[in-house]
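Here's the letter readout for the chains.
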Amino acid sequence: MSGGPMAIVKPEMKSYIWLQTADGSIQQVEQEVAMYCPVICREVAQNSTGSSKNNAVVLPERVNAAVLGLILDFCRFHQVTGRSNKERKIFDEKYIRLDTQKLCELASAADSLQLKPVVDLTSRALARVIEGKTPEEIRETFHLPDDLTEEEKLEPLRNMTDDPRIRLLNRLYAKKRKELNERKKLKNVEVEEQQRVDERSVDDLLSFINGGDGDSKGVRETKNKKKTRGRKEQARNNSPNNEAGNCNKESSCLASGCLNGDISDVSSPSRNSKLQNSASATFPSKLDFDDFDMDDELDPVMQEKIDREVEDFARRLNCDWPEILSLAPERRLGPISMNGNGSLKRCTAGVDRG
Amino acid sequence: MAYSFPEEVLEHVFSFLSSDKDRNSVSLVCKSWYEIERWCRRRIFVGNCYAVSPSLMIRRFPEVRSVELKGKPHFADFNLVPEGWGAYVHPWIVAMSRSYPWLEEIRLKRMVITDDSLELISKSFKNFKVLVLSSCDGFTTDGLASIAANCRNIRELDLGESEVEDLSGHWLSHFPDSCTSLVSLNLACLASEISFLALERLVARSPNLRTLRINRAVPLEKLPNLLRRASQLIEFGTGAYSADVRSDVFSNLTEAFSGCKQLKGLSGFWDVVPAYLPAIYPVCSRLTSLNLSYATSQNPDLGKLISQCHNLQRLWVLDYIEDIGLEELAANCKDLQELRVFPSDPFAPEPNATLTEQGLVAVSDGCPKLQSVLYFCRQMTNAALVTIARNRPNMIRFRLCIIEPRSPDYLTLGPLDAGFGAIVENCKELRRLSLSGLLTDRVFEYIGTHAKKLEMLSIAFAGDSDLGLHHVLSGCESLRKLEIRDCPFGDKALLANAAKLETMRSLWMSSCSVSFGACKLLAQKIPRLNVEVIDERGPPDTRPESCPVEKLYIYRTVAGPRFDTPGFVWTMDEDTAVRLS
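None of these values were measured; they are calculated from a predicted model.

S.K.: Any chance you could explain the overall build of chain A here in plain terms?
M.R.: What chain A contains, in helices and strands, is 14 helices and 3 strands. Counting over 354 residues, chain A shows a buried share of 51%. Sequence-distant contacts in chain A: of pairs separated by 6 or more residues, those separated by 24 or more amount to 73%. When the accessible surface of chain A is summed, it comes to about 16400 Å², and 49% of that surface belongs to carbon and sulfur atoms.

S.K.: In this structure, what is going on with the overall build of chain B? I would like to understand it.
M.R.: Each helix and strand in chain B was counted, giving 21 helices and 23 strands. Relative to the compact-globule value of 25 Å for 581 residues, chain B shows a C-alpha radius of gyration of 25 Å, a close match. In terms of overall dimensions, chain B has C-alpha extents of about 75 × 65 × 60 Å along its principal axes. The buried share of chain B, taken over its 581 residues, is 60%. Contacts in chain B between residues far apart in sequence, at least 24 positions, make up 70% of those at least 6 positions apart. For chain B, the accessible area works out to roughly 21800 Å², and carbon and sulfur atoms hold 50% of it. Side chains of chain B carry 65 positive and 70 negative charges; the gap between the two charge centres is 6 Å.

S.K.: Whenever I open this one, the sheet that holds strand S2 (residues 26-30) of chain A confuses me. Can you help?
M.R.: Strand pairing in a sheet relies on backbone hydrogen bonds. The paired strands run either parallel or antiparallel. Residues and elements named next belong to chain A. If you trace the 3 strands from one edge of the open sheet to the other, you get S2-S1-S3, paired in mixed fashion. The open sheet is flanked by S2 and strand S3 (57-58), the only strands paired with a single partner. This element, helix H3 (residues 65-78), spans strand S1 (16-20) and S2 of the sheet and lies at about 5 degrees to S2.

S.K.: Quick question: what am I supposed to make of the pairing of strand S1 (residues 43-46) of chain B here?
M.R.: The side chains of a regular strand alternate between both faces of the sheet. Because side chains alternate across S1 of chain B, one face comprises the buried residues Ile 44 and Val 46 of chain B, and the other comprises Arg 43 and Phe 45 of chain B, none of which is buried. The handedness of the S1 of chain B to strand S2 (residues 66-70) of chain B crossover, carried by helix H4 (residues 54-60) of chain B, is right-handed.

S.K.: Which parts of the structure should I look at to understand helix H1 (residues 7-15) of chain B?
M.R.: Residues spaced three or four apart along an α-helix face the same direction, because each turn holds 3.6 residues. Three or more residues of H1 of chain B are buried, namely Val 9, Leu 10, Val 13 and Phe 14 of chain B. In an axial view of H1 of chain B, the angular spread of the buried residues amounts to 145 degrees, which keeps them on one side of the axis. Looking at the buried residues of H1 of chain B, the elements they touch are helix H5 (100-112) and helix H6 (116-130) of chain A together with helix H2 (20-27) and helix H3 (31-40) of chain B.

S.K.: I would appreciate a short explanation of the packing of H6 of chain A against H1 of chain B in the present structure.
M.R.: Packed helix pairs are characterised by how far apart their axes lie and by the angle those axes make with each other. Two elements in contact, H6 of chain A and H1 of chain B, have axes separated by 8 Å at closest approach and are oriented at 60 degrees. Judged on the interaxial angle alone, H1 of chain B and H6 of chain A are oblique. The hand of the H6 of chain A/H1 of chain B crossing is right-handed. Two secondary-structure elements touch here, H6 of chain A through Val 119, Asp 120, Ser 123, Leu 126, Ala 127 and Ile 130 of chain A and H1 of chain B through Val 9, His 12, Val 13 and Phe 14 of chain B. Across the contact of H6 of chain A with H1 of chain B, the residue classes break down as 7 nonpolar, 2 polar and 1 charged.

S.K.: Please clarify how the domain arrangement of chain B should be interpreted in this entry.
M.R.: How big an interface is tends to be stated in terms of the accessible area lost upon association of its parts. By domain assignment, chain B separates into domain 1 (1-41) and domain 2 (490-580). Inter-centroid distance (C-alpha atoms) of domain 1 of chain B to domain 2 of chain B is 38 Å.

S.K.: Where do I start with the UniProt feature "domain: SKP1 component POZ" (unreviewed entry) in chain A in this structure?
M.R.: Mapped onto the present numbering, the UniProt feature "domain: SKP1 component POZ" (unreviewed entry) falls at residues 17-79 of chain A. Secondary structure content for residues 17-79 of chain A is 44% helix and 17% strand, while the C-alpha to C-alpha distance between its ends is 15 Å.

S.K.: I keep staring at the packing of aromatic side chains and nothing clicks. Help me out?
M.R.: Two numbers describe a pair of aromatic rings. These are the distance of the centres and the angle of the planes. Residue and element names in this part refer to chain B. Applying the stated criterion to the full structure yields 21 aromatic pairs over all chains. Measuring from ring centre to ring centre gives 5.3 Å for Phe 14 and Trp 33, while their planes differ by 65 degrees; the resulting arrangement is edge-to-face. Here Trp 33 lies in helix H3 and Phe 14 lies in helix H1, a separation of 19 residues in the sequence. Neither residue differs from the other here; Phe 14 and Trp 33 are each classed as buried. With 6.1 Å between their ring centres and 35 degrees between their planes, Phe 250 and Tyr 276 make a pair best called tilted. Highlighted residues: Phe 250 in helix H10 (residues 247-258) and Tyr 276 in the loop between strand S11 (265-267) and helix H11 (281-284), separated in sequence by 26 residues. Taking relative accessible area as the criterion, Phe 250 reaches 26% and is therefore assigned partly exposed. Classification of Tyr 276 by relative accessible area gives buried; the value is 0%.

S.K.: Which parts of the structure should I look at to understand the environment of Arg 83 of chain A?
M.R.: Residue and element names in this part refer to chain A. As for its position among the elements, Arg 83 is in the loop between H3 and helix H4 (85-95). Those residues in contact with Arg 83 that sit more than four places away from it in its chain are Phe 77 and Arg 88. From its side chain, Arg 83 meets the backbone oxygen of Phe 77 in a polar contact 2.8 Å long.

S.K.: How should the state of the cysteines be read in this particular structure?
M.R.: Such a bond, covalent and formed between the sulfur atoms of two cysteines, is termed a disulfide. Enumeration according to the criterion identifies 0 disulfides over all chains in this entry. The closest cysteine sulfur to the non-disulfide-bonded Cys 260 of chain B is located on Cys 284 of chain B, 13 Å from its own sulfur.

S.K.: How should the pattern of salt bridges be read in this particular structure?
M.R.: Working definition: two side chains of opposite charge can pair if their charged atoms are close together. Under the defined criterion, the tally for this structure stands at 34 salt bridges over all chains. For the salt bridge of Glu 105 of chain A with Lys 102 of chain A, the shortest nitrogen-to-oxygen distance reads 4.0 Å. In this pair, Glu 105 of chain A and Lys 102 of chain A are both assigned in helix H5, 3 residues apart and thus about one turn of the helix distant. Of the residues examined, Glu 105 of chain A reaches a relative accessible area of 14% and is grouped as buried. By relative accessible area, which is 28% here, Lys 102 of chain A ends up partly exposed. With a shortest N-O distance of 3.0 Å, Glu 455 of chain B and Arg 480 of chain B are connected by a salt bridge. Placement of Glu 455 of chain B in the loop between helix H17 (441-450) and strand S18 (456-460) and of Arg 480 of chain B in the loop between helix H18 (466-475) and strand S19 (481-485) is noted, with a sequence separation of 25 residues between them.

S.K.: Would you mind showing me how to read the environment of Arg 286 of chain B here?
M.R.: Residues and elements named next belong to chain B. Note on placement: Arg 286 falls in the loop between H11 and strand S12 (289-292). C-alpha separation for the pair Arg 286 and Gln 308, spaced 22 residues apart in sequence, amounts to 9.5 Å. In this structure, Arg 286 is in contact with Ser 258, Cys 260, Lys 261, Leu 263 and Lys 264, ignoring residues within four places of it in sequence.

S.K.: Would you explain the confidence of the model for chain B in this entry?
M.R.: In low-pLDDT regions, the fine details of the predicted coordinates are not to be read closely. Residue and element names in this part refer to chain B. Per-residue pLDDT for chain B averages 94, and the proportion of residues at 70 or more is 98%. Counted against residues more than four places away or in other chains, residues 577-581, with its pLDDT under 50, gives 10 contacts. Among the prediction metrics, the complex's ipTM stands at 0.76, with pTM recorded as 0.75.

S.K.: Quick question: what am I supposed to make of unusual backbone geometry here?
M.R.: Most peptide bonds take the trans configuration, and most residues that are not glycine carry a negative phi. All names here are of chain B. Note the cis peptide between Asn 299 and Pro 300, where omega equals 0 degrees. Residue position: Pro 300 is located in the loop between S12 and helix H12 (301-306). Unusually for a residue other than glycine, Ala 87 sits at a positive phi of about 70 degrees. Of note, Ala 87 is situated in the loop between S2 and helix H5 (90-99). By relative accessible area, Ala 87 is classed as buried at 0%. With a phi close to 50 degrees, Arg 110 is a non-glycine residue in the positive phi region. You can see Arg 110 is positioned in the loop between strand S3 (105-109) and helix H6 (115-124). With a relative accessible area of 10%, Arg 110 lands in the buried category.

Cut-offs and rules
Residues numbered from 1 in each chain as written. Chains lettered and ligands numbered in written order. Predicted model: local features only at pLDDT ≥ 70, side-chain atom pairs only at ≥ 80, totals over all residues. Heavy atoms only, no water. Helix = DSSP H or I, 4+ residues; strand = E, 2+ residues; numbered from the N terminus. Buried < 20%, exposed > 50% of the residue type's maximum accessible area, 1.4 Å probe, protein only. Contact = heavy atoms within 4.5 Å. Areas by Shrake-Rupley, 256 points an atom, 1.4 Å probe, with all protein chains shown as cover. Rg over C-alpha atoms; globule rule 2.2 N^0.38 Å. Lys, Arg positive; Asp, Glu negative; His and termini not counted. Charge placed at Lys NZ, Arg CZ, Asp CG, Glu CD. Pairing = 2+ DSSP bridges. Axes fitted to C-alpha atoms, helices over the stretch in contact; angles between N-to-C directions. Right-handed = clockwise from strand over helix to strand, strands pointing away. Arc of directions from axis to C-beta. Parallel < 35°, antiparallel > 145°, perpendicular 65-115°, else oblique. Left-handed = near helix turned anticlockwise from the far one by under 90°. Nonpolar A, V, L, I, M, F, W, Y, C, P; charged D, E, K, R; others polar. Domains from an automatic or database assignment. UniProt positions renumbered as here; feature names shortened; annotations may be inferred. Phe/Tyr/Trp six-rings, centres within 6.5 Å; stacked < 30°, edge-to-face > 60°. Polar contact = N/O pair within 3.5 Å; in protein donor to acceptor, adjacent residues only side chain to side chain. Disulfide = S-S within 2.5 Å. Salt bridge = Lys/Arg side-chain N within 4 Å of Asp/Glu carboxyl O. pLDDT = per-residue confidence, 0-100.

Listed below in structure tokens is the structure:
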């Protein structure tokens, strides 16, 4: 029959409706089953489609052949009137036992076909999949990007690791940045700063930093502190990934609180000072630094030099550099490439050059 | 979900996530989920009203229908927070009145709410349905009158344990005749008489009423009038349970109670006349919740009543129940989940009831589902605590209040460290713990080592040194609220664990040894904390920096220091240190 009126139903014959799925395949389905879907029902009733292969009901894009099969399974079962509630419930419980991917496809397809019972079933099932999971786990399950910025993340803070080496590093970076900014402000184009060599060993430094835990009275307002205070108004928390960053805040405060304001003299952290005292724009966490634009004009050569020095310093500290830096989340990667291992590059460049 | 998943379906999925935790996780997954989630979030819980500002909340969640706020620290219940400290809800109401026209529910705990706020609520939210005020104050019955008069669809009005200034009992008459939507009405905290006629009529025209708690002033004889008109009640709180003993009153009452076939919970029972207790026998077997914490009845009446409540899940009672009554409870109420035993006379020098550790041991032994305990008593032993711990590893909330501070194990005269240690070691799901009795730093070592799921800890008159506090702060991974009074904890532990404080909701320390200098330092170290020094002796900088502060309340916040601090509260900030040092 050509298009026009629907196929005439003869009592002894079943009548079929032709459906075309998004992938182009066309199939015929028992009428009473297909009509269980509101969208199909409407199409057939209003537009008289579905009566022949050439005039198949074109299903919405989200319905491919495979998921149509699932949908029709549901319709085929439930359109039978005699069934008890218990039977239907049992069917539903089995029906919904699908993997997450399938559940999503089914939910999506059912929604486009306006098949509410299936939307409800799949939605509940997906909610159960989500329940109890952490954001990371949810991301993994659903293959979603990790694209939230710090500002948008309001995660509760995790307990921090009190690694003194991290604290030291963070402090040193902070110092370097500060110095760079100050120099820039003076419009000083000098590339190399005079080295202030600190002869102390790392251990000495660490014990100096870690000594004195609350008895110090001297308060030195570092630039970092000012910045972090400005942060208060922003609904921002440290990402649990960003433990390095957390340590930074603590360390900058420790710096001011514990060291009786003498830290400015300990500008160059390393002993035999391969590290220049030029500020490092490269730092795992950007949380404490307000003006990310600050280092926009940083000379790439300088940047590389600094990064190398930092890497060297890290080696001298004998710490597991990639491990520590991998605590910082992957952020937008800066344009600066680096020698050194990949993780260093990722973290140091990622602070928006701030 | 590589391809586009329709937003409405995702919203629908989110609507089945009931816990705030899950919703929070969802919002942190990715940008698009964050956006979708914030637009469909309908219910917000703010555990500390100063942790976030109303504008922040409104900006992020524009379509909220239900808000729950908590204000003063828990120790306010013990009069440790001076009057006027804060927790004013008005700024929240004002902000929400502008931005949440469809707000339906407001639940407040330990906050100050004025008649103005109540009036604003009643006029701003056309679909307002639920008002719950737990332990709030600052308002009068006039405010209640506005709610009654203007909230056309009010479903729940629950005054909890609030302090209400009773200006007139006539506020009840302000419910219009057209108001028939009430589901829950709790007036138990009101001190003076309410218009009984208005109440009766209100009850009669509220076919959906499920919870009704009247106040003490409603006489016993009037109860049948109410119960007959509200036989569908599930929870009922009586008024004063006393009258001259008369058989007609008794039979009326019994009949009225019998008529309530769905009654599951009873409370009230002020001034109990024992002769009337049997009137509730017909409903005892259905009861799951019984609050006798105002009932001065004693054994054997009390025990006899309780032993008929075979389905009891929750019992709040005075120490008049004694060990004997608790043994009967243990024998008869196998479904018991929660037990609270309050002191009838905490200030009496000698015990006025034979309630000892044995009662609690008996209940822990006989009631396999017991998971929540609040127990005031005068003596305890390590052995008893160890037994309780071994009996009930499923304990979730354990609050033991031995009335006399620093009471030792009365048999060994030693500290109760081992007993509480057994509790935290055996009860791995323990979420809330209150300590009392003689305790050394040792108990904190146990707590830090074992209490990994502990969320709230209350400490009083315990410990020897900073090490105690250090164990708690460094060991209790799930700790959210810590409240301490009269303990020898000073600066060291606090400063060494400063970072921990940002992972908690709040820390309260009063009559401890934390110095002003340390408070300032703490505020500098961790910028997103509000470090409040509460000191009624005057400004802390008039005393040496090493001088301990009276009270200290530290809480994390994204809203910065608050602007409504009274004269005896100073919020430390990073500048303070510079200015004052």
